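Here is what each chain is made of, one letter per residue.
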Amino acid sequence: MIKNIRKARISDAKQIQSLINFYAAKDLMISRSLNEIYENMRDFWVCEENRKIIGCCGLHIVGWENLAEIKSLAVEKTKHNKGIGRKLVEICLQEAKELKLKKVFALTYSPGFFRKSGFKKISKSKLPHKIWAECCNCPKFPGCEEEAMIKNI
Ligand SMILES: CC(C)(COP(=O)(O)OP(=O)(O)OC[C@H]1O[C@@H](n2cnc3c(N)ncnc32)[C@H](O)[C@@H]1OP(=O)(O)O)[C@@H](O)C(=O)NCCC(=O)NCCS
């Protein structure tokens, strides 16, 4: 039973960062500075259990093409396979719908997870160039094997 998924608050920033950076240290995600998390706080949803943040996910609007990106999706290791990741993505998709966005994409090493939420593989070259600004700063660029997954809203 998933208890509490809610919009993130400023006081969640450090817990969100440690969740993301746990996986970033394993090369599964891009690390985030506290400053980035504070500045993008309104993108984030979190799952809270006993006052602890056990999952997070951001919906970030990209440019002016009715497009948004699912970013920084992470669920605490001991809480995997309980439907928390799916629920976080669902709530971001719902938010995208309310914002009248047309498409949501994710860059991910877990395409199978996104497939289960109705996303389809797309060539990265079909995504707007704007997204490469972040990729250019990544140590893996240009040899990264993340896959692009997209869903129509
Ligand atoms: C990917 C991640 C967020 C999934 O969270 P989760 O809460 O364990 O996922 P859920 O329990 O909601 O899973 C939903 C479905 O996807 C499946 N699934 C979960 N992780 C999967 C993966 N890595 N690959 C394929 N399928 C996956 C589940 O088995 C479940 O399938 P079902 O509906 O048939 O039962 C979590 O494993 C995680 O934090 N991974 C490390 C960070 C990461 O890779 N983030 C993604 C970056 S974009």
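Since the structure is predicted, the reported quantities are computational estimates derived from the model, not experimental observations.

Asker: In this structure, what is going on with the packing of aromatic side chains? I would like to understand it.
Answerer: Two aromatic rings, taken as a pair, are described by how far apart their centres are and by the angle between their planes. Taken as a whole and assessed by the stated rule, the structure comprises three aromatic pairs. Between F113 and F114 the ring centres are 5.2 Å apart and the planes differ by 85 degrees, which places this aromatic pair in the edge-to-face class. Grouped by ring-pair contacts, the aromatic residues F113, F114 and F119 constitute a single cluster.

Asker: What am I meant to see in the environment of F113 here?
Answerer: As for its position among the elements, F113 is in helix α4 (residues 111-116). Separated by 89 residues in sequence, F113 and A24 place their C-alpha atoms 18 Å apart. Ignoring sequence-local partners within four residues, the contact set of F113 consists of L73, G85, R86 and V89.

Asker: Help me understand the site of the ligand in this model?
Answerer: Looking at the ligand, there are 19 residues lining it, with N81, G83, G85, R86 and K116 nearest. If the ligand stood free it would expose 910 Å²; the protein chains cover 75% of that surface. One can see that the ligand is located within the largest pocket. Those elements that provide at least two residues to the shell around the ligand are β4 (67-75), α3 (84-98), β5 (103-108) and α4. Top element by residues in the shell around the ligand is α4. It accounts for four residues. Here the residues of the shell around the ligand are counted per class, giving nine nonpolar, seven polar and three charged.

Rules of the game
Residues numbered from 1 in each chain as written. Predicted model: local features only at pLDDT ≥ 70, side-chain atom pairs only at ≥ 80, totals over all residues. Heavy atoms only, no water. Phe/Tyr/Trp six-rings, centres within 6.5 Å; stacked < 30°, edge-to-face > 60°. Helix = DSSP H or I, 4+ residues; strand = E, 2+ residues; numbered from the N terminus. Contact = heavy atoms within 4.5 Å. Near = heavy atom within 4 Å. Areas by Shrake-Rupley, 256 points an atom, 1.4 Å probe, with all protein chains shown as cover. 1 Å grid on protein atoms, 1.4 Å probe; cavity = no way out; pocket = protein on both sides within 12 Å on 5 of 7 lines; lining within 4 Å. Sits in = over half its atoms within 2 Å of the grid points. Nonpolar A, V, L, I, M, F, W, Y, C, P; charged D, E, K, R; others polar.

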